[in-house]
Amino acid sequence: MRIIILGAGSIIPTKDRFGSSILLETSLGGILLDIGPGTIEKLRRIRLNLEMINKILITHFHIDHVSDLLPFLKMRALIRKTRGKFKDIIDIYGPKGLNDFIEDLLVKNRFLSYLMDLDVLRDVQLHECWDGVVAAEKEFEIRSVPVEHFNGVAYRIRVDGVDLVYSGDTMPDERLIRMAENVDILIHECSCPSGRKLGKHTTDEELVEIVSMIKPKIIIAVHLYPEMEERIRSLKESLKKASGGLVYVPSDMDVIEV
Ligand SMILES: [Zn+2]
Ligand SMILES: [Zn+2]
């Protein structure tokens, strides 16, 4: 599996980081974890065949995690119409309220009527997630738990023999820590330095504590606000000490081979 960090930052861009989106390249196709601003542009830059993406996991409805969803759906429908591609269903997972969110976006805002004969949702399957297993196949599983962040969920994904947890945005949360037991890879937000806590987010010191409990083989810290940039070196050192595993504090477009 390859993990391509499309957006490792927040809604405030820095030189190396912006938005929230991570692409998992797996034997089952591409899985997007969040689809924040700039996602499609970054997929274009890596020349990804967009037909590859057949699952999108949305952690919550903040705009830095979902803003490229509408253009993605239109792009997909238009390619299908003009080139006859995208025959497969795309599965979109999101927290409770996903159905209403899509309805509000596409129907109430009239985007759907302006798209005329593009049947954007024809091959889109929506899955509302909260607490429990939401997809289970032989070699593939998705589980979610609610986390302390504006109707957010965190996901645990098992694919290609690897177990991965993605926090989305969250305060330190016991439910996530329990779900992440024995996980191989933890992708966790680290929005701000301790002493400069922002909203319902996790600080660098809090992440070190979380990692010392979970001890994943690989920890990937994402969702860095600009305030975190000067702490990256110390964050890496502390995470290394706490986990004993591999530590990444990636920039946008970094690729991690697993
Ligand atoms: Zn958020
Ligand atoms: Zn966010």
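It should be noted that the structure appears before, not after, this text.
Below, the structure is looked at part by part.

Calculation rules
- Residues numbered from 1 in each chain as written.
- Chains lettered and ligands numbered in written order.
- Predicted model: local features only at pLDDT ≥ 70, side-chain atom pairs only at ≥ 80, totals over all residues.
- Heavy atoms only, no water.
- Helix = DSSP H or I, 4+ residues; strand = E, 2+ residues; numbered from the N terminus.
- Rg over C-alpha atoms; globule rule 2.2 N^0.38 Å.
- Buried < 20%, exposed > 50% of the residue type's maximum accessible area, 1.4 Å probe, protein only.
- Contact = heavy atoms within 4.5 Å.
- Lys, Arg positive; Asp, Glu negative; His and termini not counted.
- Charge placed at Lys NZ, Arg CZ, Asp CG, Glu CD.
- Salt bridge = Lys/Arg side-chain N within 4 Å of Asp/Glu carboxyl O.
- Phe/Tyr/Trp six-rings, centres within 6.5 Å; stacked < 30°, edge-to-face > 60°.
- Lys NZ or Arg CZ within 6 Å of the ring centre and 35° of its normal.
- Axes fitted to C-alpha atoms, helices over the stretch in contact; angles between N-to-C directions.
- Parallel < 35°, antiparallel > 145°, perpendicular 65-115°, else oblique.
- Left-handed = near helix turned anticlockwise from the far one by under 90°.
- Nonpolar A, V, L, I, M, F, W, Y, C, P; charged D, E, K, R; others polar.
- Arc of directions from axis to C-beta.
- Pairing = 2+ DSSP bridges.
- Core = buried A, V, L, I, M, F, W, Y, C linked by side-chain atoms within 4.5 Å.

1. Here's the deal with the overall build of the chain
Then, number 1: Scanning the chain from terminus to terminus reveals eight helices and 14 strands.
Then, number 2: A compact globule built from 258 residues should have a C-alpha radius of gyration of about 18 Å, and the chain, at 18 Å, falls within 12% of that.
Then, number 3: Over its C-alpha atoms, taken along the principal directions, the chain stretches across nearly 55 × 40 × 35 Å.
Then, number 4: Residues counted as buried form 55% of the 258 residues belonging to the chain.
Then, number 5: In the chain, once contacts between residues fewer than 6 apart in sequence are set aside, the share between residues at least 24 apart is 62%.
Then, number 6: Averaged over its 35 positive side-chain charges, the chain has a centre that lies 4 Å from the centre of its 40 negative ones.

2. A short note on the pattern of salt bridges
Then, number 1: Across all of its chains, the model carries 18 salt bridges by this definition.
Then, number 2: Its salt-bridge partner being E41, residue R44 comes within 2.9 Å of it at the nearest N-O pair. Here the residue R44 and the residue E41 both occupy positions in helix α1 (residues 39-45), the gap between them amounting to three residues, near one helical turn.
Then, number 3: Its salt-bridge partner being R45, residue E41 comes within 3.4 Å of it at the nearest N-O pair.

3. So, the environment of P172
Then, number 1: Structurally, the position occupied by P172 is in the loop between β10 (162-166) and α6 (174-179).
Then, number 2: We classify P172 as partly exposed; its relative accessible area is 34%.
Then, number 3: Here the alpha-carbon distance between P172 and K200, two residues 28 residues apart in the chain, equals 8.8 Å.
Then, number 4: With residues up to four places along the chain from it excluded, the contact list for P172 reads K197, H201, T202, E206 and I210.

4. Considerations on the packing of aromatic side chains
Then, number 1: Overall, the coordinates contain one aromatic pair when judged by the stated rule.
Then, number 2: We note K96 situated over the ring of W130; from NZ or CZ to the ring centre the distance is 4.1 Å.
Then, number 3: Of note, K200 hangs over the ring of F150, and the distance from its end group to the ring centre comes to 5.2 Å.

5. Comments concerning unusual backbone geometry
Across residues other than glycine, the phi torsion is negative in most instances, and most of the peptide bonds are trans.
Then, number 1: Within the chain, N151 stands out as a residue other than glycine whose phi angle is a positive 60 degrees.
Then, number 2: Looking at the secondary structure, you find N151 in the loop between β8 (140-147) and β9 (152-159).
Then, number 3: The residue H223 is not glycine, and still its phi comes out positive at about 60 degrees.
Then, number 4: One can find H223 in the loop between β12 (218-222) and α8 (232-243).

6. Overview of the packing of helix α7 (residues 204-214) against α8
Then, number 1: Relative to each other, α7 and α8 sit at 20 degrees, their axes nearing to 8 Å. On the basis of their axis angle, the class for α7 and α8 is roughly parallel. Between α7 and α8 the crossing geometry is right-handed. Here D204, L207, V208, V211 and S212 of α7 lie close against α8, whose contacting residues are L235, S238, L239, A242 and S243.
Then, number 2: When the residues that make up the contact of α7 with α8 are grouped by side-chain class, the tally is six nonpolar, three polar and one charged.

7. Focus: α7
Then, number 1: Turning to α7, its buried residues are D204, L207, I210, V211 and I214. End-on, the buried residues of α7 take up no more than an arc of 115 degrees, which puts them together on one face. Across α7 from its buried face, at more than 90 degrees, point the exposed residues E205 and E209.
Then, number 2: If you follow the buried residues of α7, they end up packed against α6, β11 (185-189), β12 and α8.

8. With respect to the sheet that holds β12
Pairing between the strands of a sheet comes from backbone hydrogen bonds, and it takes one of two forms, parallel or antiparallel.
Then, number 1: Reading across the sheet, the seven strands line up as β7-β8-β9-β10-β11-β12-β13 and stay open at both edges, with mixed pairing between neighbours. Both edges of this open sheet fall to β7 (132-137) and β13 (246-248), since each of them pairs with a single strand only. Between one strand axis and the next, the sheet turns through 15 degrees on average, direction left out of account.
Then, number 2: As judged from the five bridges shared by β9 and β10, these two strands associate in the antiparallel manner. Note that in β10 the partner of Y155 across the bridge is Y166.
Then, number 3: Contacting β11 and β12, α7 crosses the sheet at an angle of about 160 degrees to β11.

9. With respect to the nonpolar core
Nonpolar side chains tend to gather and get buried jointly when the protein is soluble and globular.
Then, number 1: Residues I53, I56 and F72 are the most contacted members of the largest nonpolar core, which totals 30 residues.
Then, number 2: For this core, the secondary structure elements donating two or more residues are β1 (2-8), α1, β4 (53-57), α3 (69-83), β5 (90-95) and α4 (98-108).
Then, number 3: The biggest single contributor to this core is α3, with seven residues.
Then, number 4: Non-local contacts of I53, meaning those with residues more than four positions away in its chain, are made with L23, G30, L32, L43, L48, F72 and I90.
Then, number 5: In terms of nonpolar packing, the next biggest core, distinct from the first, is built from 27 residues, L57, A135, V162 and Y166 among them.

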